[in-house]
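Chain residues, written in single-letter form:
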Amino acid sequence: MNQTQQVITRITSKYGKNRSALISVLQDVHAAYNYLPEGSLDIVSAQLAVPLSTVYGVATFFKAFSFAPRGRHVATLCTGTACHVRGASTLLVEAETRLGISPGETTADQRFTLETVNCLGCCAVGPLLVLDGKYHGQMTAQRIAGVLEGG
Amino acid sequence: MSKKAYSSIEDFEKSAAGLLERRRSTRDRPSIIVAGGTCGMARGAGNIAEAFRQQIARRKLARKVLFRETGCHGFCQAEPLVVIDPEGILYCGVGPDDVTEILDETVENKRIIDRLVFKNSHDGRSFPLEREVPFYRRQQRQILSQNRLVDPRSIEDYVAIGGYGALARALQRDPKHVIAEVKAAGLRGRGGAGFLTGKKWEFCRDATGGPKYVICNADEGDPGAYMDRSVLEGNPHSVLEGMLIGAYAMGAQEGVVYIRMEYPLAIQNVGIALEQARELGFIGRNVLGTGFDFDLSITRGAGAFVCGEETALIASVEGRRGMPRTRPPYPAHSGLWGQPTNINNVETWANVPIIIRHGADRYAEVGTQTSKGTKIFSLVGKINNTGLVEIPMGTTLREIVEDIGGGIPDGKEFKAVQTGGPSGGCIPAGHLDLHVDYEGLAEAGSMMGSGGMIVMDENTCMVDVAHYFLSFTQGESCGKCTPCRIGTRQMAQILARIKRGEGTPEDLSKLEELAETIKETSLCGLGHTAPNPVLTTLRYFRDEYEAHIYEKRCPALSCVDLIFFEITYECVGCGICIPACTTGAITGEHKRVHAIDQEKCLRCGTCFDVCPPKVAAVVKGSPAKVAVS
């Protein structure tokens, strides 16, 4: 059994081998690798006895899953309505320009992944930039570079 | 530490009376409360709580002073918040360095630290007591007020304020009477559609087949709405208690709390609460020795807005793509695993223990003829007092925005308030006296939704807002039905065109035609309501659309393709804006008037923001096409 198989076996044995566990299993595999590695879907499919097409269908449907390795640092810009009316779209352009990537992409040196999120419910401190789980509120175009430098 | 499960209702009530008494006996003791919800944490509440814990230990105050780290109190604007009881002193914007002073001055010497007291932004009046702060004073916090009283990770705290008492009460009654009580209270679904909760429960109770399921919909996807997160983080047991009462009333044996993954603290606190409730015998086999069996688990969402729709949510719990299906059959007849299922939203469940505790009559005293009880709104956007607001149904928008919200910052003019998230609409200044309830909002072309209220000022472009929401629904459309999948894309494209100044006069009628078709022919609520942001902005702000189309002008000076920035002769040549510009569009020598290269300018407005106010040499304007002779 290779390493990926071992990791996935540990995860599937936690939930029991039924199809309703599919999303939870994929979430845990994603958490273990920070993406869904090639071949992991086949293993999940075999272990849960769910067709590969179904596993692939679920993995592509939900935003939580990425097929490409993510960067060492994840910068998430909240684009909820409250952040939007306070200028989040300008900040997004700024972050894209600074990093040279679009949301969902990772820089060539694997340092940053840029993401957007619909709303984190921290509207009072918006616009909000989250770097590796740390919240940076009242974000401005001038401050983005400084925050990203910290990553 | 493992605790013994309560073997009977009497056993529980005896223990609860002890906890209640203990809390009563310590009521006059100084207590320090730190609000540690996600928004508080984002502003450093964690460090403050830690500083208090350390100092209390070092000063050996643990027996004299009570300390509690709670969930969110709702006044997000003023975070991090510290409350000192029994006086109810509220300190805002507290930093770790203030902790020593608070202990010395306020806790020991009963003196108020003026610097940390809330002050009105418009007249500077200060309000040292929590209950007198204008933001709180006009609210009626039936649900949210519990957040400051309990440590969400302590079931004892919840029991000590009467928690699980409503469950004990319900378990001693006939399930049909419990449903009758919820029906008589007039509680309507807080997730948006406003269906009568008791009626929905009755459908599920009367449905044949089983096992039956209850689900808590905590997939709070509307951007700008976060009351469910606050309740789950701050008082998870109240939701579990509501679900238990509902499950008993409907004869359900299993339950699922479906929480969106963007709320890690809520997932964590509900998980802890579940384990504690199981340990004490509220969840599991033979609940409180009554013979009622109920098990509950958590399912994490995986980032799909459409999963807030009940049939899509069920599909996702079953491990499938979160796509809705046509109704009927409704989940009450065929839900999770094809069995009778009842789905309610977090806030709805949290209302249930209150109804059972105080009775339907008292509950129904609050609110309007058709909308009973209170509703929590998240008041956000261009507003002075951002936060969660719990008010009786029927309160006017004006009271919410002006009295509780404290008006618009920086002396700007109020333009609209957007309610109901991507399914709702924008309500203009002319409707500020509207009474907020299910019917009132619907008449104005919007809807209650989950309770987001995003305030917009003169700098918010309504075409941009419409485009924002349509892009949102377009991105979140699951793709199953054509009108929603393709229709929302067409609408978003037309709106993008108008925003760029490339709109044509026919675009408005095209938008209206598409909107009607999508509303009528979509499969689920996402599509049915997706055009609302466009329809309401067309209804109330048509002139803004027309300015974009006919004059190629954005009146709010917001749409980047239709605005420009220029440096005037007021420029003193200080050079601040030169390095601030990301694209290097600004040039100029020291002490000479600078200039912006319009080809390079992204119109981000950074130069406008960094130019010192006393100089104010950068101007913003629209139309983009300035006539040159």
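Data block above holds the structure.
Residues numbered from 1 in each chain as written. Chains lettered and ligands numbered in written order. Predicted model: local features only at pLDDT ≥ 70, side-chain atom pairs only at ≥ 80, totals over all residues. Heavy atoms only, no water.

Caption draft 1: Spotlight on the overall build of chain B. Tallying secondary structure elements over chain B gives 25 helices and 20 strands in all. What you see for chain B is a C-alpha radius of gyration of 27 Å, in line with the 25 Å of a compact globule of 629 residues. Along the longest, intermediate and shortest principal axes, the C-alpha atoms of chain B span 90 × 65 × 40 Å. Per-residue burial for chain B yields a buried fraction of 60% across its 629 residues. The long-range fraction of contacts in chain B, counting pairs at least 24 apart against all pairs at least 6 apart in sequence, stands at 70%. Of the roughly 24400 Å² that chain B leaves accessible, carbon and sulfur atoms contribute 50%. Taking the average place of the 73 positive charges on the side chains of chain B and the average place of its 77 negative ones, the gap between the two points comes to 3 Å. (Helix = DSSP H or I, 4+ residues; strand = E, 2+ residues; numbered from the N terminus. Rg over C-alpha atoms; globule rule 2.2 N^0.38 Å. Buried < 20%, exposed > 50% of the residue type's maximum accessible area, 1.4 Å probe, protein only. Contact = heavy atoms within 4.5 Å. Areas by Shrake-Rupley, 256 points an atom, 1.4 Å probe, with all protein chains shown as cover. Lys, Arg positive; Asp, Glu negative; His and termini not counted. Charge placed at Lys NZ, Arg CZ, Asp CG, Glu CD.)

Caption draft 2: Main features of the side chain of Glu69 of chain B. All names here are of chain B. Along the chain, Glu69 turns up in strand S2 (residues 66-70). Within polar-contact distance, the side chain of Glu69 engages the side chain of Arg53 at 2.8 Å. Once residues within four sequence positions are removed from consideration, Glu69 is found in contact with Val34, Gly36, Met41, Ala49, Arg53, Asp151, Pro152 and Arg153. (Polar contact = N/O pair within 3.5 Å; in protein donor to acceptor, adjacent residues only side chain to side chain.)

Caption draft 3: Highlighting the sheet that holds strand S2 (residues 112-117) of chain A. Residues and elements named next belong to chain A. Taken together, 4 strands build an open sheet; the order of strands is S2-S1-S3-S4 and the sheet is mixed. Both edges of this open sheet fall to S2 and strand S4 (134-136), since each of them pairs with a single strand only. Across this sheet, the average inter-strand angle for adjacent strands is 25°, counted without regard to direction. Across the face of the sheet, helix H7 (residues 141-149) comes into contact with strand S1 (73-78), S2, strand S3 (129-131) and S4 while running at roughly 10° to S3. (Pairing = 2+ DSSP bridges. Axes fitted to C-alpha atoms, helices over the stretch in contact; angles between N-to-C directions.)

Caption draft 4: Quick peek at the sheet that holds strand S9 (residues 284-287) of chain B. Residues and elements named next belong to chain B. Pairing is mixed across the open sheet formed by 5 strands, whose spatial order is S9-S10-S8-S7-S11. Here the strands that pair on one side only, and so sit at the sheet edges, are S9 and strand S11 (341-345). Across the sheet, the axes of successive neighbouring strands diverge by a mean angle of 25°, strand direction being ignored. Both S9 and strand S10 (residues 292-300) contribute to a ladder of 2 bridges, which runs antiparallel. Across the sheet, residue Gly284 finds its bridge partner in S10, namely Phe294.

Caption draft 5: The state of the cysteines, seen in detail. One pass over the full model with this rule turns up 0 disulfides over all chains. Cys122 of chain A takes part in no disulfide bond, and the closest cysteine sulfur to it belongs to Cys39 of chain B, at a distance of 5.5 Å. Owing to a relative accessible area of 3%, Cys122 of chain A belongs among the buried residues under this scheme. Lacking any disulfide linkage, Cys72 of chain B is separated from the closest cysteine sulfur, that of Cys39 of chain B, by 4.2 Å. The exposure class assigned to Cys72 of chain B is buried, which follows from its relative accessible area of 0%. (Disulfide = S-S within 2.5 Å.)

Caption draft 6: Structural detail: the pairing of strand S13 (residues 387-392) of chain B. All names here are of chain B. The element S13 is largely enclosed, with a buried count of 5 among its 6 residues. As defined by bridge partners, strand S12 (residues 374-381) adjoins S13 across 6 bridges and the pair is classed as antiparallel. When the bridges of S13 are listed, Ile376 appears paired with Glu390. Here S12 folds back onto S13 in antiparallel fashion, the turn holding 5 residues.

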